[in-house]
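This is what each chain is made of:
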Amino acid sequence: MSDRKRSTALALASALAGSAVLFTAPAAHAAVVDVAYDCKTPIGDKSAVSPIDIKAVKEGDGYKLTMSFQKGVSSSPIELGKGAMSPGAVILVDGAEKVSVPVSGPSNPEAVPPDTPIKITDLSGTYTPRKSGKVTFTAGVLTIKAMGTTTTCTPGNSPGPSLELDVTAPGGGGTTTRSGADTTGDTLPQTGPTDSVLAFGTLGATVLLSGAVGVLWLTRRGRRARS
């Protein structure tokens, strides 16, 4: 293999290796958190525990939040027909700013038998940060409307956050501090597949550019050695 071909192969291998490491870096810290709901129902107080998962995906200037329940909560003494129950909740945002984000979801896709824990469909909503920095997302109050009644379920165990990530406000609003150093609010957000691709494209280009410079230098060096 000529010096020129060997130099090109080494540069490309280095660029691909650097990009692979970048692409697999974690985008955010997430955890499934058990939430103990205390529910005020039309027939008395009830309680139930459900693991809650919260995900965020960058969409435009904001983030689409999805709140998933892994177990049913509350119940009804009578059957709830298909589409009879409408769920909604709030997700509490803390950290760089403190706000409540309303989320909602579709009605029950199937009938719910009497005295059976009600499976809540995935709830979603949009969070548009006003400040840049690290924020956490925690399950808040859950509301279930069915048959003309309203059941309110409040987390009674002070659950921890289900998701933590860095966000960027539109226009780079606000200032955030990381590891003792001040950084402006135009930090690239890191959550969901969209941001992974953006980070891969931006920083990966730097690696590839460095590889190209290496190829050029090694090629010129090989030519001088042969002359």
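Keep in mind it's a predicted model, so treat the numbers as computed, not measured.

Focus on the overall build of the protein chain
Regarding its fold elements, the protein chain presents two helices and twelve strands. Going from N to C terminus, the protein chain has its helices and strands arranged as α-β-β-β-β-β-β-β-β-β-β-β-β-α. Per-residue burial for the protein chain yields a buried fraction of 35% across its 227 residues. Residue pairs at least 24 apart in sequence account for 69% of intrachain contacts in the protein chain once pairs closer than 6 positions are excluded. Total accessible area on the protein chain stands at roughly 12600 Å², and carbon and sulfur atoms take up 58% of it.

Brief notes about the pattern of salt bridges
Tallied over the entire structure, the rule returns five salt bridges. As a salt-bridge pair, Asp-53 and Lys-55 come within 2.3 Å of each other at their nearest N and O atoms. With relative accessibility at 11%, the residue Asp-53 sits in the buried group. Of the charged contacts, one joins Lys-98 and Asp-94 as a salt bridge, the two residues approaching to 2.5 Å between their closest N and O atoms. Given a relative accessible area of 64%, Lys-98 falls into the exposed group.

Quick look at unusual backbone geometry
One non-glycine residue, Met-147, lies in positive phi territory at about 55°. Inspection of the secondary structure assignment puts Met-147 in the loop between strand 8 (133-146) and strand 9 (149-155). Of note in this structure, Ser-158 is not a glycine but carries a positive phi near 45°. With respect to the helices, strands and loops of the structure, Ser-158 is situated in the loop between strand 9 and strand 10 (163-167).

Remarks on the side chain of Asn-108
Tracing the backbone shows Asn-108 in the loop between strand 6 (99-104) and strand 7 (123-127). Polar side-chain contacts of Asn-108 include one of 2.9 Å to the backbone oxygen of Gly-81. A polar atom in the side chain of Asn-108 sits 2.8 Å from the backbone nitrogen of Met-85. Once residues lying within four places of it in the same chain are set aside, the contact partners of Asn-108 are Leu-80, Gly-81, Lys-82, Gly-83, Ala-84 and Met-85.

Parameters and conventions
Residues numbered from 1 in each chain as written. Predicted model: local features only at pLDDT ≥ 70, side-chain atom pairs only at ≥ 80, totals over all residues. Heavy atoms only, no water. Helix = DSSP H or I, 4+ residues; strand = E, 2+ residues; numbered from the N terminus. Buried < 20%, exposed > 50% of the residue type's maximum accessible area, 1.4 Å probe, protein only. Contact = heavy atoms within 4.5 Å. Areas by Shrake-Rupley, 256 points an atom, 1.4 Å probe, with all protein chains shown as cover. Salt bridge = Lys/Arg side-chain N within 4 Å of Asp/Glu carboxyl O. Polar contact = N/O pair within 3.5 Å; in protein donor to acceptor, adjacent residues only side chain to side chain.

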